[in-house]
Amino acid sequence: MKAFLIISIMLPGYFQPNMATPITKEYLNYSIIKDNKTIGNIRVERSLKDGITEYLFESRAKVKILYSIEIYDKMGVTFKQNILQQAKLYRTMNGKLKVNNTTTWNGSSYNLSDKNGANGFLKQSVFCSTASLYFNEPGNVKSVFSEKFQKMVPIQRIDSKKYRIDLPNGNTATYTYNSGICTLVEANTDFADLKFVLNMNLNKAHSY
C-alpha cells in the first residue's frame, strides 16, 4: 500500500545539460483525533535535492478540557548527507509563545538555543529526528533527536511495524508504519491522548 501518488512534471528544457537538479517534494496529511473526533490537522512535507533533505511540519489543534486550548506547531528540519544540519521548532498555545528552539550543526557539535537564548551543546552527530519519522521507518535505530527537548530520546521496536518513543517528561508516542510511511501516531500528551491518522487520499509527491 502506498501512502502517496507520484506525479512527474516535465518542464521545457528539462533535458538540457545545465538544467538544475530536480526537486522532489512529498506531502503527508494527518487528522488529529481525540475521543473519535477530529480536532486538528498536521501537514508534513519532505523535499529532496542535491543530497539535502528538508522536512517542514505544521499542525493546528484545538483541545477542549476545562477550557479551549489552541495549539500551533511549526517545525523545519534539514539534513545534509543524512546528518542533521538544523532543526527549528516554534509552538504557541492560545497565541502565546511556548517553544522557540533552534539546533544548529557547527561542524563538530550542535549549538542549542530556546526562547530564552543559548541552551548548551549536543556533542554527537544526529541521523534521525522526530520530524523524519513520518517518512522513514526507524528500523534498528535506538534513539532519535527530539526537536522539543533538544536531546536524543530512546526509541524501541514494539513489533515489525510499530515503534515507541519515551520522552523525558514521561509522555510516550507510538508510530505505526506501512510500506515505510507512518500511518498512525498514538501520542500521550500533557493534555490528552491523541491519534494522528494518515489521510491516504490527500498525500502526493511532485518532482520538478
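Residues numbered from 1 in each chain as written. Predicted model: local features only at pLDDT ≥ 70, side-chain atom pairs only at ≥ 80, totals over all residues. Heavy atoms only, no water.

The name given to the protein chain in an unreviewed UniProt entry is DUF3108 domain-containing protein, with Chryseobacterium angstadtii as the source organism.

1. Considerations on the pairing of strand β11 (residues 151-159)
Basically, it comes down to this: Note: two strands are recorded as paired if DSSP finds a minimum of 2 bridges between them. A run of H or I in DSSP becomes a helix once it reaches four residues, and a run of E becomes a strand once it reaches two; helices and strands are each numbered from the N terminus.
The pairing of strand β10 (residues 143-146) with β11 spans 4 bridges and is antiparallel. Each residue of the ladder has a partner; that of Phe145, found in β11, is Met152. Between β10 and β11, which pair antiparallel in sequence order, lie 4 residues; one of them, Gln150, sits at a positive phi of approximately 55 degrees. Relative to strand β12 (residues 162-166), β11 is paired through 4 bridges, and the arrangement is antiparallel. Of the residues in β12, the one forming a bridge with Asp159 is Lys162.

2. Looking at the nonpolar core
Nonpolar side chains tend to gather and get buried jointly when the protein is soluble and globular. Note the cut-off: Here, nonpolar core refers to any group of buried Ala, Val, Leu, Ile, Met, Phe, Trp, Tyr and Cys residues whose side-chain atoms link them within 4.5 Å. Partly exposed residues are those whose accessible area sits between 20% and 50% of the maximum for their type, while under 20% is buried and over 50% is exposed, using a 1.4 Å probe and protein chains only. In this analysis, two residues are considered to be in contact whenever any of their non-hydrogen atoms come within 4.5 Å of each other.
Counting 44 residues, the largest nonpolar core has Tyr30, Tyr134, Tyr175 and Phe196 as the members making the most contacts within it. With sequence-adjacent residues up to four places away left out, Tyr30 is seen in contact with Gly40, Asn41, Ile42, Val44, Tyr134, Cys182, Thr183, Phe196, Val197, Leu198 and Asn199.

3. A word on unusual backbone geometry
Trans is the common state for peptide bonds, and a negative phi is the common state for residues other than glycine. Phi at Asn82 is positive, roughly 70 degrees, even though this residue is not glycine. Residue placement: Asn82 occurs in the loop between β5 (68-80) and β6 (83-93).

4. What about a nonpolar patch on the surface?
To be explicit about the condition: By definition, no residue in a patch forms a salt bridge, and every one has over 30% relative accessible area; like charges are joined within 9 Å, nonpolar side chains (Val, Leu, Ile, Met, Phe, Trp, Tyr) within 5 Å. Only the protein chains shown count as cover for residues, with accessible areas throughout obtained via the Shrake-Rupley method and a probe of 1.4 Å. A carboxyl oxygen of Asp or Glu within 4 Å of a side-chain nitrogen of Lys or Arg is what we treat as a salt bridge.
On the surface, a cluster of nonpolar side chains totalling about 470 Å² of accessible area is made up of Ile65, Leu66, Tyr67 and Phe191. Tracing the backbone through its elements, the reader meets Tyr67 in the loop between β4 (52-64) and β5.

5. Side note on the packing of aromatic side chains
As a reminder, the rule being used: Any pair of Phe, Tyr and Trp rings, taking the six-membered ring for Trp, is counted once the centres come within 6.5 Å. Such a pair is stacked with planes under 30 degrees apart, edge-to-face with planes over 60 apart, and tilted for the rest.
Throughout the structure, instances matching the rule amount to 8 aromatic pairs. Ring plane angle 90 degrees and centroid distance 6.1 Å describe the contact between Tyr55 and Phe79, whose orientation is recorded as edge-to-face. You can see Tyr55 sitting in strand β4 and its partner Phe79 sitting in strand β5, a full 24 residues away along the chain. Judged by its relative accessible area of 5%, Tyr55 falls in the buried class. On the basis of an interplanar angle of 50 degrees and a centroid distance of 5.6 Å, the ring pair of Phe57 and Tyr134 is categorised as tilted.

6. Thoughts on the environment of Ile23
On the secondary structure map, Ile23 appears in the loop between β1 (5-8) and β2 (24-34). On the basis of relative accessibility, which here comes to 23%, the residue Ile23 falls in the partly exposed class.

7. Things to note about the side chain of Asn199
Here Asn199 shows up in the loop between β15 (193-198) and β16 (204-207). The class for Asn199 is buried, based on a relative accessible area of 19%.

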